[in-house]
Amino acid sequence: MGLIYGYDVYLRPRNVARALANLAELVPPARAVPPLEITLPGGERLVLPFTSHFKSEPVDCSTSGTLELDMSLMFGVDDALREYAQTGGPEPAADGRIQIGYIYATIRFESLLHPGYTSVECWAATSGMSRLFARSANIRKVFTDLTADSGGVCCLFDTGDGAPEQVCWLNGEPTQETVSGPRFPDRRALVATWSDSEK
């Protein structure tokens, strides 16, 4: 099994629709898939340019704890993405952005860290993309911007291999901390700092 690196965004359930709409704005303009209709747990309906399990049939999450999405997103080119394009990846588009391949998202309406928060876990489809997730400042910026624009409280970079998770965004500010680390010895210590956390 290859590398599976990803960015995990944590936010209140009330902000899930906004986060998904923000992700939809990153889709390549020529993305040719039928629209996907999603019903969120509270009954709100969205139509998104993604697939779920590579299908476009409507998805009702009113009785489900998770939502799986297959996404293709665009990122502004930086040195890491330019190198990726030169070694067999897709060429940058005219607007200076590049599409790097499938990104899979698991939305957990009750996150594993705190049931009062939803997690949007976006992970790379290949080992090459995982390495790119680790090296590209612009990919990181897309996910920290997504956290900020969606009213999220935290963004973690997770290598999925038991190594310390990197805290990229926390309570409105970019940061560089780790869990486990001096400031956050464990996940409980991290969650306790979330500005919107219910004590």
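Residues numbered from 1 in each chain as written. Predicted model: local features only at pLDDT ≥ 70, side-chain atom pairs only at ≥ 80, totals over all residues. Heavy atoms only, no water.

Chemist: Looking at this structure, I do not really get the sheet that holds strand β3 (residues 45–48). What am I missing?
Modeler: Hydrogen bonds between backbone atoms are what pair the strands of a sheet, whose relative direction is either parallel or antiparallel. Here three strands make up an open sheet; going across it, the order is β3-β2-β4 and the pairing mixed. With one partner strand each, in any of the chains shown, β3 and β4 (59–60) form the two edges of the open sheet. By the bridge criterion, two bridges tie strand β2 (residues 36–39) to β4 in an arrangement that is parallel. For I38, the partnering residue across the bridge sits in β4 and is V59. (Pairing = 2+ DSSP bridges. Helix = DSSP H or I, 4+ residues; strand = E, 2+ residues; numbered from the N terminus.)

Chemist: So what exactly am I meant to see when it comes to the nonpolar core here?
Modeler: Soluble globular proteins tend to pack their nonpolar side chains together in the buried interior. Core analysis: the biggest nonpolar cluster contains 47 residues, and L20, L69, I100 and F133 have the highest contact counts within it. For I100, the contacting residues outside a window of four places in its chain are L73, F75, L81, Y84, P90, M129, L132, F133 and I139. Of all hydrophobic cores here, the second largest spans 13 residues; its members include L113, Y117, L170 and L190. (Core = buried A, V, L, I, M, F, W, Y, C linked by side-chain atoms within 4.5 Å. Buried < 20%, exposed > 50% of the residue type's maximum accessible area, 1.4 Å probe, protein only. Contact = heavy atoms within 4.5 Å.)

Chemist: Can you walk me through helix α4 (residues 137–149) in this structure?
Modeler: The α-helix winds at 3.6 residues per turn, so residues separated by three or four positions along the chain end up facing the same way. End to end, α4 covers 18 Å across 13 residues, agreeing with the expected 18 Å (1.5 Å per residue, within 8%). Of the residues making up α4, those classed as buried are I139, V142, F143, T144, L146 and T147. Backbone nitrogen of N138 and a side-chain oxygen of the N-cap are separated by 3.3 Å at the start of α4; the cap is S136. (Expected span 1.5 Å × (residues − 1). Polar contact = N/O pair within 3.5 Å; in protein donor to acceptor, adjacent residues only side chain to side chain.)

Chemist: Looking at this structure, I do not really get the layout of surface pockets. What am I missing?
Modeler: It is the rolling of a water-molecule-sized probe over the atoms that shows where space remains empty. Size it by volume and the largest pocket reaches roughly 250 Å³. For the largest pocket, the lining is made up of 13 residues, of which D8, R108, L112, E121 and D158 are closest to its centre. Looking at the lining of the largest pocket, the elements with two or more residues in it are β1 (6–11), β6 (97–108) and β7 (118–124). Here the lining of the largest pocket gets three residues from one element, more than from any other, and that element is β1. (1 Å grid on protein atoms, 1.4 Å probe; cavity = no way out; pocket = protein on both sides within 12 Å on 5 of 7 lines; lining within 4 Å. Points joined across faces, edges and corners; volume = space filled by probe spheres on them.)

Chemist: When you look at the pairing of β2 in this model, what are you seeing that I'm missing?
Modeler: Consecutive side chains of a regular strand alternate in pointing toward one face of the sheet and then the other. As defined by bridge partners, β2 adjoins β3 across four bridges and the pair is classed as antiparallel. Paired with E37 across the two strands is V47, which belongs to β3. If you look at the hairpin formed by β2 and β3, you'll find five residues sitting between the two strands, and G43 has a positive phi there, around 100°.

Chemist: Sorry if this is basic, but what is going on with the pattern of salt bridges here?
Modeler: Where charged atoms from two side chains of opposite charge approach closely, those side chains can pair. If you walk through the whole model with that rule in mind, you get eight salt bridges. Between D79 and R82 there is a salt bridge, and its shortest N-O distance comes to 3.0 Å. You can see D79 and its partner R82 sitting in helix α2 (residues 79–86), three residues apart, about one turn around the helix. Of the residues examined, R82 reaches a relative accessible area of 39% and is grouped as partly exposed. One salt bridge in this structure joins R97 and D95, with 2.9 Å as the shortest N-O distance. (Salt bridge = Lys/Arg side-chain N within 4 Å of Asp/Glu carboxyl O.)

Chemist: Help me understand the sheet that holds strand β10 (residues 173–179) in this model?
Modeler: Spatial strand order, β5-β6-β7-β1-β8-β9-β10: seven strands in an open sheet with antiparallel pairing. Among the strands making up the open sheet, the edge pair consists of β5 (66–76) and β10. The average angle at which neighbouring strand axes cross in this sheet is 25°, direction not considered. Contacts from helix α1 (residues 16–24) reach β1, β5, β6 and β7, with the element oriented near 40° to β5. Each of β1, β6, β7 and β8 (154–158) is contacted by helix α3 (residues 127–135), which is oriented at about 95° to β6, the strand it contacts most. (Axes fitted to C-alpha atoms, helices over the stretch in contact; angles between N-to-C directions.)

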